[in-house]
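Below are the chains, spelled out letter by letter.
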Amino acid sequence: MAKNIVIGIGNLLFCDDGIGVIATTYLKENFEFTPKLELLDGGTLGFNLVEYFLEYDNVFIIDTISTNNKAGSIYKIPSDDLLGSNRYKNTAHEVEVVQILEACQLHEKKANVTIFGIIPQDIESLKIGLSKILHAQFEKLIQTVIKEIESLEINTQRKNTKSLKRIIDSLNLRDRSENPSKS
């Protein structure tokens, strides 16, 4: 049986940059997957994610991307496209993902990696949450990821209806309990 994982990448503290973490938490809280699908808050782990690229068959990454398009635009980028183009190598996350993919080419087994990227509006404000534009596009991003998950013959079943606001609020509280000096 194939091993599949969704990894949310980003820094939760810088508004839209945290969309990957918010999205994986949203999926974890609201959906069940059969057969099992791993969901990982990859945060800012960078090269520490390489083991997942080698250990799993399919890796879906949710992150912000930088291209010359409007904020809120959603992209599905297969790893072959990411490796073959300088177009997506603009931010630290994208550079790290590309470097991990390049390093994995040296191994016999590597995952089929797909990036689900969204163009951010605000990655500079120090706040946990999303800009209005990304908030409005969030459900579309989630449905794009779920459609790809289902293409792997993984059944998705909604188990809860926790709102995006509740998910963000819970992440904000979690961050404050892990970093009490911010309170």
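Everything below is about the structure printed above this text.
Participant: Is there a simple way to think about the pattern of salt bridges in this case?
Facilitator: Any two side chains of opposite charge can pair, so long as their charged atoms come close to each other. As enumerated under the stated definition, the model contains five salt bridges in all. For Glu55, the salt bridge is made with Lys3, and the minimal N-O distance between the two is 2.9 Å. Taken together, the residues Glu55 in helix H2 (residues 50–55) and Lys3 in the segment before strand S1 (4–9) connect sequence positions 52 residues apart. Relative accessible area serves as the criterion here: at 38%, Glu55 is assigned to the partly exposed category. Here Lys3 falls in the partly exposed class, since its relative accessible area comes to 34%.

Participant: In this structure, what is going on with the sheet that holds strand S4 (residues 58–64)? I would like to understand it.
Facilitator: Within a sheet, adjacent strands bond to each other through the backbone by hydrogen bonds, running parallel or antiparallel. Taken in spatial order, the five strands make up an open sheet running S3-S1-S4-S6-S5, and their pairing is mixed. The open sheet has two edge strands, strand S3 (38–43) and strand S5 (74–78), and neither has a second partner. On average, each strand axis in the sheet is tilted by 20° relative to the strand beside it, whichever way the strands run. One ladder, built from five bridges, connects S1 with S3; its direction is parallel. From the neighbouring strand, Ile7 faces S3, where its bridge partner is Leu40. Contacts from helix H1 (residues 19–30) reach S1, S3, S4 and strand S6 (112–118) within the one sheet, and its direction differs from that of S1 by about 135°. Strand contacts of helix H5 (residues 132–151): S1, S4, S5 and S6, with the helix running at about 165° to S6, the strand carrying the most contacts.

Quick notes on the rules
Throughout, residues of each chain are indexed from 1 in the direction in which the sequence is written. Reporting in this predicted model follows two pLDDT cut-offs: at least 70 for local features of residues, and 80 or more for side-chain atom pairs to be given and counted; totals over whole chains, interfaces and linings ignore these cut-offs and use all residues. As a convention, hydrogens and water are excluded, and side-chain values are obtained from all of the structure's heavy atoms. Salt bridges are counted wherever a side-chain nitrogen of Lys or Arg sits within 4 Å of a carboxyl oxygen of Asp or Glu. Strands are runs of DSSP state E lasting at least two residues, helices are runs of H or I lasting at least four, and both sets are numbered from the N terminus onward. The cut-offs for exposure are 20% and 50% of the maximum accessible area for each residue type, with area from a 1.4 Å probe on protein chains only; residues under the lower value are buried, those over the upper are exposed, and the others partly exposed. For two strands to be treated as a pair, DSSP must find at least two bridges joining them. Orientation is described by lines fitted to C-alpha atoms, with helices fitted over the stretch in contact, and by angles between N-to-C directions that extend from 0 to 180 degrees. When checking whether two residues touch, look at their non-hydrogen atoms; a contact exists if any pair is within 4.5 Å.

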